[in-house]
Amino acid sequence: MKNNFKKRIYQYLVLRGAPFLTATVGNLLVYLRPEKAQQLRENGLTLVLNNNLTHVERLMRNAILNKIEKKSDYNTLESLHKSYWVNQGDDFCSDTEARFESEFLPNWAFVFDILKEELKNETNIFKSLVEIGTGNGSVLNYLSTEFPKIEKFVGIDLSPDQTKINNEKYNGNSRLEFVAADGLDWIRENGSSHTIFVTSGGVLEYFTQPRLQEFFKEVNSLGKIIFIAIEPKGVTHNFEKNPNSELYGHERSFSHNYPKLFKEAGFNVWHNSQKPWPEISQNITFIGATN
């Protein structure tokens with residue numbers, strides 16, 4: 001009975017439109033329960049899946065994120081995103097495993113057909129493909145079958161647990177390697193020329209604009225590179241009015257102006273298209289770029 005009552009209170013506050021009261025209660029809870037607030041920060045606050053937070057924790061989550069957004073404290077926000085993917089990335093992957101069949105193959109895979117045509121015009125031979133934010137590894141495994149001439153496929157992910165799962169799941173494919181690391185750190189230590197970089201379905205959206213600019217600059221410095229980015233964009237983000245990055249959505253991730261950022265880093269954008277993603281009120285941007 002008590003749980004049902006708490007659920008009804010939460011639904012009234014959050015789902016029926018009482019933003020001021022919701023914010024007030026959330027801020028009060030953060031003040032009264034600092035240890036719980038710190039625990040939430042350390043675990044990451046990016047996504048709420050399958051009721052993995054209580055109603056009280058959700059109120060606290062919203063209060064913490066609202067305060068960060070109000071202060072434009074983007075470095076702290078990026079740190080919270082990183083904590084989420086380190087600590088809860090494997091939970092996200094298990095909850096969204098069906099997306100490869102339902103979303104990627106029918107709606108996103110076309111950009112790799114375009115990449116095949118682009119490679120036909122390339123005089124350079126690309127020996128490796130690196131996916132930043134590989135998640136459950138389904139996309140990387142698929143690409144290893146689509147591009148048989150590429151020798152090595154590396155999946156980088158922040159989650160040590162998911163990386164272990166991937167290495168066990170795909171141990172029969174000798175061309176695949178999964179590494180638990182920060183993408184930028186890995187590139188600085190292991191990046192090489194004649195590499196195709198891939199992000200699929202939302203990875204770069206968790207970088208601040210300055211860090212993404214640093215990331216693209218580092219990638220460009222490696223030598224000959226092709227980059228395929230499949231990234232969300234806020235539906236209200238108008239690049240003519242605001243050419244810079246801005247926060248959007250429930251996650252408070254970053255909607256980036258990818259064509260602009262790639263070009264500023266020295267890349268030539270040879271493909272740029274968008275598709276709506278009605279499920280979560282976003283657009284998906286498809287970028288193909290080379291230097």
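In the block above lies the structure referred to throughout.
Sequence order as written defines the numbering, with residues in each chain counted from 1. Totals for whole chains, interfaces and linings use every residue, but because this is a predicted model, local features are given only for residues with pLDDT of at least 70 and side-chain atom pairs only at 80 or more, for both listing and counting. Note that water and hydrogens are dropped before the side-chain values are worked out from all heavy atoms of the structure.

Q: Can you help me understand the overall build of the protein in this one?
A: Only runs of H or I of at least four residues qualify as helices and only runs of E of at least two qualify as strands under DSSP, and these elements are numbered from the N terminus. Looking only at helices and strands, one finds twelve helices and nine strands in the protein. In this setup the radius of gyration rests on C-alpha atoms only. A globule is expected at 2.2 Å times the number of residues raised to 0.38. By the compact-globule yardstick of 19 Å for 291 residues, the protein fits well, its C-alpha radius of gyration being 20 Å. Taking the principal axes of the C-alpha coordinates as reference, the protein spans close to 65 × 45 × 35 Å. Here the protein holds 291 residues, and the buried ones make up 51% of them. Note on contacts: a residue pair qualifies if any of its non-hydrogen atoms lie within 4.5 Å across the two residues. Excluding contacts between residues fewer than 6 apart, the proportion of contacts in the protein whose partners are at least 24 apart in sequence is 70%. Calculation of accessible area relied on Shrake-Rupley with a 1.4 Å probe; when residues are assessed, cover is drawn exclusively from the protein chains displayed. Carbon and sulfur atoms provide 50% of the accessible area of the protein, an area that totals close to 14700 Å². Burial status follows relative accessibility: with a 1.4 Å probe on protein chains alone, a residue under 20% of its type maximum counts as buried, one over 50% as exposed, and anything between as partly exposed.

Q: Looking at this structure, I do not really get the packing of helix α3 (residues 34–43) against helix α5 (residues 74–95). What am I missing?
A: How two helices sit against one another is set out by the angle between their axes and by the gap between those axes. Convention adopted: a line fitted to C-alpha atoms gives each axis, helices being fitted over their contacting stretch, and angles between N-to-C directions are expressed from 0 to 180 degrees. Where α3 contacts α5, the two axes come as close as 6 Å, and the packing angle between them is 75°. Compared by their axis directions, α3 and α5 come out roughly perpendicular. Judged by residue contacts, R41, E42 and N43 of α3 engage L80, S83, Y84, N87 and Q88 from α5. Just so you know the grouping, Ala, Val, Leu, Ile, Met, Phe, Trp, Tyr, Cys and Pro go in nonpolar, Asp, Glu, Lys and Arg go in charged, and all remaining residues, Gly too, go in polar. Its residues assigned to classes, the contact of α3 with α5 comprises two nonpolar, four polar and two charged. Oblique is the label for every angle not falling under 35 degrees (roughly parallel), over 145 degrees (roughly antiparallel), or within 65 to 115 degrees (roughly perpendicular).

Q: Would you mind showing me how to read the sheet that holds strand β2 (residues 152–157) here?
A: Working definition: the strands of a sheet are paired by backbone hydrogen bonds and lie parallel or antiparallel to each other. The rule for pairing is simple: two strands pair if DSSP sees at least two bridges between them. Strand order in this open sheet of seven strands is β3-β2-β1-β4-β5-β9-β8, and the pairing throughout is mixed. Lying at the two open borders of the sheet, with one neighbouring strand each, are β3 (176–180) and β8 (268–277). Between one strand axis and the next, the sheet turns through 20° on average, direction left out of account. By the bridge criterion, nine bridges tie strand β5 (residues 225–234) to strand β9 (residues 282–290) in an arrangement that is antiparallel. The partner of I228 across the bridge, within β9, is G288. Contacting β2 and β3, helix α9 (residues 160–169) crosses the sheet at an angle of about 165° to β3. Relative to β5, helix α11 (residues 209–220) is tilted by about 165°, and along the sheet it contacts β1 (128–132), β4 (195–200) and β5.

Q: Help me understand the environment of L204 in this model?
A: Checked against the element boundaries, L204 lands in the loop between β4 and α11. The exposure class assigned to L204 is buried, which follows from its relative accessible area of 0%. The sequence separation of L204 and T96 amounts to 108 residues, and the corresponding C-alpha distance is 18 Å.

Q: Mind showing me how you'd approach α9 here?
A: What sets the pattern is the α-helix's 3.6 residues per turn: residues three or four places apart point alike. Turning to α9, its buried residues number three or more, namely Q162, T163 and N166. Buried residues of α9 fall within an arc of 100° about the axis and therefore sit on the same side. Within α9, the exposed residues directed more than 90 degrees away from the buried face are K164 and E168. Buried-residue contacts for α9 involve α5, β2 and β3. For this quantity, the arc is that covered by the directions from the helix axis to the C-beta atoms.

Q: How should I be thinking about the packing of aromatic side chains in this particular structure?
A: Centre distance within 6.5 Å is the pairing criterion for rings of Phe, Tyr and Trp, where only the six-membered ring of Trp is used; planes under 30 degrees apart are then read as stacked, over 60 as edge-to-face, and the remainder as tilted. Considering all chains together, one arrives at 19 aromatic pairs under this definition. Measuring from centroid to centroid gives 6.2 Å for F215 and F227, while their planes differ by 80°, and the two rings are edge-to-face. Here the residue F215 occupies a position in helix α11, and F227 occupies one in strand β5, the gap between them amounting to twelve residues. With centroids separated by 5.7 Å and ring planes inclined at 85°, the aromatic side chains of F216 and F227 adopt a geometry described as edge-to-face. Taken together, the residues span a long stretch of sequence, with F216 in helix α11 and F227 in strand β5 at a distance of eleven residues.

Q: Just to check I follow, could you spell out the layout of surface pockets for this structure?
A: Rolled over the atoms, a probe with the dimensions of a water molecule shows which regions are left empty. The calculated volume of the largest pocket comes to roughly 1100 Å³. With a 1 Å grid spanning the protein atoms alone, the term cavity applies to any set of points in which a 1.4 Å probe fits but cannot get out, the term pocket to an open set with protein on both sides within 12 Å along at least five of seven lines, and the term lining residue to any residue with an atom within 4 Å of a point. Lining the largest pocket are 49 residues, and of these W85, F92, G201, G202 and Y206 lie nearest its centre. Elements represented by at least two residues in the lining of the largest pocket include exactly α5, α6 (99–108), β1, α8 (138–146) and β2. Here the lining of the largest pocket gets eight residues from one element, more than from any other, and that element is α5. Grid points are joined across faces, edges and corners, and a volume is the space filled by probe spheres set on the points.

Q: I would appreciate a short explanation of the pattern of salt bridges in the present structure.
A: Oppositely charged side chains are able to pair whenever their charged atoms sit close together. The rule for a salt bridge is simple: a side-chain nitrogen of Lys or Arg has to be within 4 Å of a carboxyl oxygen of Asp or Glu. Under the criterion given, the structure shown has 13 salt bridges. For K120, the salt bridge is made with E117, and the minimal N-O distance between the two is 3.1 Å. In this pair, K120 and E117 are both assigned in helix α7 (residues 110–120), three residues apart and thus about one turn of the helix distant. With a closest N to O distance of 3.7 Å, R188 and E218 form a salt bridge. Placement of R188 in helix α10 (residues 183–190) and of E218 in helix α11 is noted, with a sequence separation of 30 residues between them. When its relative accessible area of 23% is taken as the criterion, E218 is described as partly exposed. It is possible to trace a salt-bridge network through shared partners that takes in K82, D182 and R211.

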